[in-house]
Amino acid sequence: MSGQSPPRLVASAPVSTLAAAPESAGEGAPAPPDRLTASLSLTPDVLVGLGVAAALVALVFLTSSSIDQTVTGPNTWAEIAITFLGLGACAAVVLVGGRGRLWGGGTVALFAAFVALAGLSILWSVQPDWSWFGVNQLVCYLSALAGAAAAARLFPARWPGLVGGIAAAMAALCAYSLLAKVFPATLATDNTFGRLTAPFRYWNAIGTAAALGLPPALWAASRRRRGVALRALTVPAMTLMISVIVLSYSRSAVLVGAVGIAVWLTFVPLRLRSALMLGLGGVMAIPVVVIALHSHDLTSDLIAPSAQDAAGHAFGPVLLALLAASTVLGFIASLTMDRVAVPENVRRCIATALMIGVALLPVAAVVALAASSRGLSGQISHAWTQLTASKGTGDTSARLTQLGSSRPMYWRQGLSVGGHDLIKGVGELGYGIARLRYTTETAKADQAHSYLIQTFADLGLIGVVLTLALLAAWCRAALRPLAPRLAWRTLSAGEAAERRGLVALAAVVVVFGIQSALDFTVYFPGVAIPALLCAGWLAGRGPLRAPVGRRSGRVALLRRPGAGALVTGLAALALIGAWLIWQPLRSVQAVNASESDTQHAFIHAHAAVSADPLAIDPQYRLAALYQAVGDTASAREEYLRATRIQPENPQPWVWLAAFYAQGRQPRPALAAAKRVFALDHVQTPPGDLYTTPAAAILAQATAELQAQRAQAERVSRRRRRRRVHR
């Protein structure tokens, strides 16, 4: 063994130990255990972690309505706050950051270029007001990424606070999701699904949040020289996360959760400690899942609220008892890990068995498929048919073992939309409207359920190329602090500990990236922001052995005119960005005010149009007001203006057709209704939000025209008779 090179990042190492070994470069031999501390002392890392967790949980509850992608006050103010915080961190780097290379600068610049492309797409977007909404969210995301990169440069030692904060936040969200099942009448009054959806109101989002929390929880579970309580609490935390993944019935969450665990176990050599705590959490999750699924009123759809409440109240004490038991097991395991030293040969055997077991899972799957009634080729063909059939599955736990999905339908529509304009797409968030030209399916989907396909549809090949370039730049930047070429044995205690934390951050990004390729959870800030913080920290951290940090001394800003100009520019960007983010909210509030304050309704409506000239709802409100006072000419002009603002959107054409139909003008009503069907191929019956009213208007206008023609023919016949009689 002496002639061999030391194991590197991916290789197994003797640090896969159960006992508390010293945090030294080699970590080879166990040392006397540290003094056991059962309390959670408020160290700087703990305080940072609590702050991060509180902020992320608050973000989820402020922005959980983003599934509808509508402009709301909480969404808007959260985006503005993140924008100010992120750019403020960048300004702090300029003021007090140490000299050195701008690590992560390329990643941030490429993301900024992507945001700029999305902003430019407003010029050709089929739904420019939604594009504005999407760009506002992207500005917020860019600020989060840049701010995290800046924080990593300023406070490189505070990485435990970020990792621990994400673990705590995701555990808290999972606890709330299960608590909403215990008290559905109080915490989930509008939920009609049996699967978990709270607090996002979307099952894949809460499932993804649970999957994001697993790698940081494994990091906390396997830490050395830390309090027993912290490690013990990771067992109930993982119990919650695993239970939520299963009870959300989210297959993508199951997949990415397994990927996150695999990344941790592959790259971090503390496999025995990790496997022990993960195994305990998984074992305790089994009765939680089994008991919940056994209750029909708890996990089935369309159950009466009273029955849901009764089932939830019965489930609550059981859940509490199981979490208490998992906490006790966590304390026992944590104490045991610090007191029991497993011989090195036993450690190696167990670690090897774990790795072989994981590696044999695909082999076992292939053998099981070959032994089935269909055979290997038949099972593969059957699975492929299910994957591409665009057929949804039932809303029960049985869907976890099924491959059928409606995603292929959304993906085909996205590819068709992208083919409409290969280079620049149909505009940010334009897929939801543009898809109507390429489908007759009544299933409504405003998202393509895949970030890459959505990007292709919205921003064309330019957006895809920028995305791939951004991915490549981030991977290159993230590999610097991960230092895969450095063997674990060559690292100091602090370097080894930090690399384990950075691997957990990387696993979070990988989990989010794969999930984003399969769903539209990227539009949920409560899920996206934690991943962006991890990605930004890894990009901005720089080499593991060369942190930049802060300046050793202060330099007056007057002696640094370039820095002063840059800080001023960042402040201006923050203010401009906040103002742009605020305008759609101003418009929505003005529209609402015009409905409640009838005395000043016209003033509010005009203010709404001025605040968001790309939106059509203010035009509709203004037209309705003109109709109410009998000014049909001005009303018609507002309806026509809405069609000019968004000519590719069928909604303003429906409004225009309805206006003409009400005014007994069948010819222009017929033309406007036909325009709806040219933009929307979802025909009646049953139709959709646009073609259903358009079909009624079309029938009415056709009947009126026929009646007019019949009347004209009768008049013509009378005139001919009169001429004959004369």
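Not measured: the values here are computed from a predicted model.

So, how was this worked out
Residues numbered from 1 in each chain as written. Predicted model: local features only at pLDDT ≥ 70, side-chain atom pairs only at ≥ 80, totals over all residues. Heavy atoms only, no water. Helix = DSSP H or I, 4+ residues; strand = E, 2+ residues; numbered from the N terminus. Buried < 20%, exposed > 50% of the residue type's maximum accessible area, 1.4 Å probe, protein only. Contact = heavy atoms within 4.5 Å. Areas by Shrake-Rupley, 256 points an atom, 1.4 Å probe, with all protein chains shown as cover. Axes fitted to C-alpha atoms, helices over the stretch in contact; angles between N-to-C directions. Parallel < 35°, antiparallel > 145°, perpendicular 65-115°, else oblique. Left-handed = near helix turned anticlockwise from the far one by under 90°. Nonpolar A, V, L, I, M, F, W, Y, C, P; charged D, E, K, R; others polar. Core = buried A, V, L, I, M, F, W, Y, C linked by side-chain atoms within 4.5 Å. Phe/Tyr/Trp six-rings, centres within 6.5 Å; stacked < 30°, edge-to-face > 60°. Salt bridge = Lys/Arg side-chain N within 4 Å of Asp/Glu carboxyl O. pLDDT = per-residue confidence, 0-100. Patch = residues over 30% accessible without salt bridge, like charges linked within 9 Å, V, L, I, M, F, W, Y side chains within 5 Å. Lys, Arg positive; Asp, Glu negative; His and termini not counted. Charge placed at Lys NZ, Arg CZ, Asp CG, Glu CD. Polar contact = N/O pair within 3.5 Å; in protein donor to acceptor, adjacent residues only side chain to side chain. Expected span 1.5 Å × (residues − 1). Bend = angle between axes of the 7 residues up to and from the residue.

Asker: Would you mind going over the overall build of the protein chain with me for this structure?
Answerer: Scanning the protein chain from terminus to terminus reveals 26 helices and zero strands. Residues counted as buried form 51% of the 726 residues belonging to the protein chain. Long-range pairs, those at least 24 residues apart, make up 76% of the contacts in the protein chain between residues at least 6 apart in sequence. When the accessible surface of the protein chain is totalled, it reaches about 31600 Å², and 66% of it is carbon and sulfur.

Asker: What is the right way to look at the packing of helix H20 (residues 561-596) against helix H21 (residues 601-611) in this model?
Answerer: Between two packed helices, the angle of one axis relative to the other and the distance separating the axes together describe the packing. Between H20 and H21, whose axes approach to 8 Å, the crossing angle comes to 160°. Considering the angle they form, H20 stands roughly antiparallel to H21. Crossing of H20 against H21: the hand is left-handed. Here Gln 583, Arg 586, Ser 587, Ala 590, Val 591, Ala 593 and Ser 594 of H20 come into contact with H21, specifically with Ala 601, His 604, Ala 605, Ala 607, Ala 608 and Ala 611. Its residues assigned to classes, the contact of H20 with H21 shows eight nonpolar, four polar and one charged.

Asker: Where do I start with the nonpolar core in this structure?
Answerer: A general tendency of soluble globular proteins is for nonpolar side chains to be buried together. Core analysis: the biggest nonpolar cluster contains 120 residues, and Phe 111, Phe 200, Met 241 and Ile 529 have the highest contact counts within it. In terms of nonpolar packing, the next biggest core, distinct from the first, is built from 45 residues, Ile 616, Tyr 639, Leu 656 and Ile 697 among them.

Asker: In this structure, what is going on with the packing of aromatic side chains? I would like to understand it.
Answerer: Two aromatic rings, taken as a pair, are described by how far apart their centres are and by the angle between their planes. Per the counting criterion, the structure on display carries 14 aromatic pairs. Between Tyr 639 and Phe 659, the ring centres sit 5.3 Å apart and the planes meet at 40°, which makes this aromatic pair tilted. In this pair, Tyr 639 is assigned in helix H23 (residues 632-645) and Phe 659 in helix H24 (residues 650-662), connecting sequence segments 20 residues apart. Given a relative accessible area of 7%, Phe 659 falls into the buried group. With a centroid separation of 5.6 Å and 55° between ring planes, the pair formed by Phe 659 and Tyr 660 is classed as tilted. Across this residue pair, the class does not change: Phe 659 and Tyr 660 are buried.

Asker: Quick question: what am I supposed to make of the pattern of salt bridges here?
Answerer: Two side chains of opposite charge can pair, provided their charged atoms sit close to one another. Considering all chains together, one arrives at 11 salt bridges under this definition. Here Arg 407 ties to Asp 519 by a salt bridge, and the two come within 3.1 Å at their closest N and O atoms. With Arg 407 in helix H15 (residues 407-420) and Asp 519 in the loop between helix H18 (493-518) and helix H19 (525-541), this pair connects stretches of sequence that are 112 residues apart. Of the residues examined, Arg 407 reaches a relative accessible area of 16% and is grouped as buried.

Asker: Teacher, can you tell me more about the environment of Phe 602 here?
Answerer: Inspection of the secondary structure puts Phe 602 in helix H21. Take Phe 602: its relative accessible area is 28%, and that puts it in the partly exposed class. Residues contacting Phe 602, with those up to four places away along its chain left out, are Leu 622, Leu 625, Tyr 626 and Val 629.

Asker: Even after reading the chapter, I still don't get unusual backbone geometry, so can you show me in this structure?
Answerer: Trans is the prevailing form of peptide bonds, just as negative phi is the prevailing case for residues other than glycine. For the bond from Ala 198 to Pro 199, the omega torsion is 0°, close enough to zero to count as cis. Residue placement: Pro 199 occurs in the loop between helix H6 (184-187) and helix H7 (203-221).

Asker: Can you walk me through the confidence of the model for the protein chain in this structure?
Answerer: Caution applies to low-pLDDT parts of the model: their predicted coordinates are not meant to be read in detail. Mean pLDDT over the protein chain works out to 87, with 86% of the residues at or above the 70 mark. A low-confidence stretch, residues 1-39 stays under pLDDT 50, and its non-local contacts, those more than four residues away or across chains, total 108 contacts.

Asker: Would you mind showing me how to read the environment of Ala 113 here?
Answerer: Checked against the element boundaries, Ala 113 lands in helix H3 (residues 105-120). For the pair formed by Ala 113 and Gly 463, sequence separation is 350 residues and the distance between their alpha carbons is 9.6 Å.

Asker: What is the right way to look at the side chain of Ser 222 in this model?
Answerer: Counting through the fold element by element, Ser 222 comes out in the loop between H7 and helix H8 (228-247). Residue Ser 222 is classed as buried on the basis of its relative accessible area of 1%.

Asker: Sorry if this is basic, but what is going on with a positive patch on the surface here?
Answerer: A cluster of basic residues, Arg 714, Arg 717, Arg 718, Arg 719, Arg 720, Arg 721, Arg 722 and Arg 723, forms a positive patch on the protein surface. Within the secondary structure, Arg 718 is located in helix H26 (residues 691-725).

Asker: Would you explain the side chain of Ser 243 in this entry?
Answerer: With respect to the helices and strands, the residue Ser 243 is situated in helix H8. Polar contacts involving the side chain of Ser 243 include one to the main-chain carbonyl oxygen of Thr 239, which spans 2.7 Å. In contact with Ser 243, not counting residues within four places along its chain, are Leu 178, Ala 285, Val 288 and Val 289.

Asker: Just to check I follow, could you spell out helix H12 (residues 305-339) for this structure?
Answerer: Think of an α-helix as 3.6 residues a turn; residues three or four steps apart then line up on the same face. Taking 1.5 Å per residue as the helical rise, H12 with its 35 residues ought to reach 51 Å, and the 50 Å between its terminal C-alpha atoms agrees with that figure. The sharpest bend along H12 comes to roughly 25°, located at Phe 315, with the proline Pro 317 sitting one to four residues further on.

Asker: Honestly, the packing of helix H1 (residues 44-63) against helix H5 (residues 159-182) in this entry has me stumped. Any pointers?
Answerer: For the pair H1 and H5, interaxial distance at closest approach is 7 Å and the crossing angle is 40°. Our classification of the angle between H1 and H5 gives oblique. Note that H1 runs across H5; the crossing there is right-handed. Where H1 approaches H5, its residues Asp 45, Val 48, Gly 49, Val 52, Ala 53, Leu 56, Val 57, Val 60 and Phe 61 are matched on the opposing element by Pro 160, Gly 161, Leu 162, Gly 165, Ile 166, Ala 168, Ala 169, Ala 172, Leu 173 and Tyr 176. Each residue belonging to the contact of H1 with H5 can be placed in one class, and the counts come to 15 nonpolar, three polar and one charged.

Asker: Would you explain H19 in this entry?
Answerer: For H19, built from 17 residues, the straight-helix expectation of 24 Å at 1.5 Å per residue is met to within 8% by its first-to-last C-alpha distance of 23 Å. Within H19, 17 of the 17 residues are buried, leaving the element largely enclosed by the surrounding structure. Positive phi shows up at Gly 542, right after H19, with a value of about 80°.

Asker: Can you help me understand a nonpolar patch on the surface in this one?
Answerer: Taken together, the side chains of Trp 77, Ile 576, Trp 579, Leu 580 and Trp 582 define a hydrophobic patch exposed on the protein surface, amounting to about 520 Å² of accessible area. With four residues, H20 is the largest single contributor of residues to the nonpolar patch. Residue placement: Leu 580 occurs in helix H20. Owing to a relative accessible area of 35%, Leu 580 belongs among the partly exposed residues under this scheme.

Asker: Hey, could you run me through the environment of Gly 526 in this one?
Answerer: Assignment of secondary structure puts Gly 526 in helix H19. Judged by relative accessible area, Gly 526 falls into the buried class, the value being 2%. For Gly 526 and Val 60, which are 466 residues apart along the polypeptide, the C-alpha to C-alpha distance reads 4.4 Å. What Gly 526 contacts, discounting residues up to four positions off in sequence, is Leu 59, Val 60, Thr 63 and Phe 200.

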